[in-house]
Amino acid sequence: MLLVRIGFVVYWAALSLLLLVPDPHEATGLGPMPPPLDEHLTHFFLLSGLAFLAHASRWPLGSRVLIAALLVYAVAIEALQGLVPPRGVEAKDFAENVLGILAGSALWWAAQK
């Protein structure tokens, strides 16, 4: 359990940093993702992973509170991107963040059954 929580915190911190640097491809040394794994789908998959790890960490919160916290994070991180040129706030990214959180949560629930 402790290792999963540590993994979640490390993933969350790394994700936050990558979402708040001007060029995440340059920061990681990786080139752009090939289609269809372009930047928009990347947001979906990254937030899906975050939600899955958040549930797997079994924080002492109810599922609703956990999902609400993840949604607040999705709004905040997208808003903060507006302060990092050349990044910006995009409704499509926000929608994909939300859908990723819902998909990661659904995947966790499905894995539990």
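None of these values were measured; they are calculated from a predicted model.

Scoring rules and cut-offs
Residues numbered from 1 in each chain as written. Predicted model: local features only at pLDDT ≥ 70, side-chain atom pairs only at ≥ 80, totals over all residues. Heavy atoms only, no water. Helix = DSSP H or I, 4+ residues; strand = E, 2+ residues; numbered from the N terminus. Rg over C-alpha atoms; globule rule 2.2 N^0.38 Å. Buried < 20%, exposed > 50% of the residue type's maximum accessible area, 1.4 Å probe, protein only. Contact = heavy atoms within 4.5 Å. Areas by Shrake-Rupley, 256 points an atom, 1.4 Å probe, with all protein chains shown as cover. Lys, Arg positive; Asp, Glu negative; His and termini not counted. Charge placed at Lys NZ, Arg CZ, Asp CG, Glu CD. Phe/Tyr/Trp six-rings, centres within 6.5 Å; stacked < 30°, edge-to-face > 60°. Core = buried A, V, L, I, M, F, W, Y, C linked by side-chain atoms within 4.5 Å. Expected span 1.5 Å × (residues − 1). Arc of directions from axis to C-beta.

**Side note on the overall build of the chain**
Item 1. Along its length, the chain carries 5 helices and 0 strands.
Item 2. Taken against the 2.2 N^0.38 rule, which gives 13 Å for 113 residues, the C-alpha radius of gyration of the chain at 14 Å falls within 12% of a compact globule.
Item 3. By its C-alpha atoms, the chain is 40 × 25 × 25 Å across when sized along the principal axes.
Item 4. Relative to its full complement of 113 residues, the chain shows a buried share of 29%.
Item 5. A separation threshold of at least 6 residues defines the contact pool for the chain, and within that pool the share at least 24 residues apart is 73%.
Item 6. Entry remark: accessible area of the chain is about 6800 Å², with carbon and sulfur atoms responsible for 76%.
Item 7. Counting 6 positive and 8 negative side-chain charges, the chain places the averaged centre of each group 21 Å from the other.

**Describing the packing of aromatic side chains**
Item 1. Following the criterion strictly, the structure yields 4 aromatic pairs and no others.
Item 2. Between the aromatic rings of Phe8 and Trp59, the centroid separation amounts to 6.0 Å while the plane-to-plane angle is 65°, which identifies the pairing as edge-to-face. Residue Phe8 is located in helix H1 (residues 2–19), and its partner Trp59 is located in the loop between helix H3 (39–56) and helix H4 (63–81); the two are separated by 51 residues in the primary sequence.
Item 3. Under the relative-accessibility criterion, Phe8 is labelled buried at 11%.
Item 4. Its relative accessible area of 30% is what places Trp59 among the partly exposed residues.

**What to know about the environment of Arg64**
Item 1. On the secondary structure map, Arg64 appears in helix H4.
Item 2. We classify Arg64 as exposed; its relative accessible area is 77%.
Item 3. Taking C-alpha positions, Arg64 is 14 Å from Trp108, a pair spaced 44 residues apart along the chain.

**With respect to the nonpolar core**
Inside soluble globular proteins, nonpolar side chains tend to come together where they are buried.
Item 1. Core analysis: the largest hydrophobic core is formed by 14 residues, its most contacted members being Leu15, Leu47, Leu50, Leu70, Tyr73 and Ile101.
Item 2. When residues of this core are traced back to their parent elements, those giving at least two are H1, H3 and H4.
Item 3. Per element, the largest residue contribution to this core is 6 residues, and it comes from H4.
Item 4. Here Leu47 is in contact with Leu15, Tyr73, Asn97, Gly100 and Ile101, once residues within four sequence places are set aside.

**A few points about H1**
Item 1. Its 18 residues place the ends of H1 26 Å apart at the C-alpha level, agreeing with the 26 Å of an ideal helix rising 1.5 Å per residue.
Item 2. Within the span of H1, buried status applies to Phe8, Leu15, Ser16 and Leu19. All buried residues of H1 fall inside an arc of 100° around its axis, so they share one side. In H1, the exposed positions that point more than 90 degrees away from the buried face belong to Leu2, Leu3, Val10 and Leu17.

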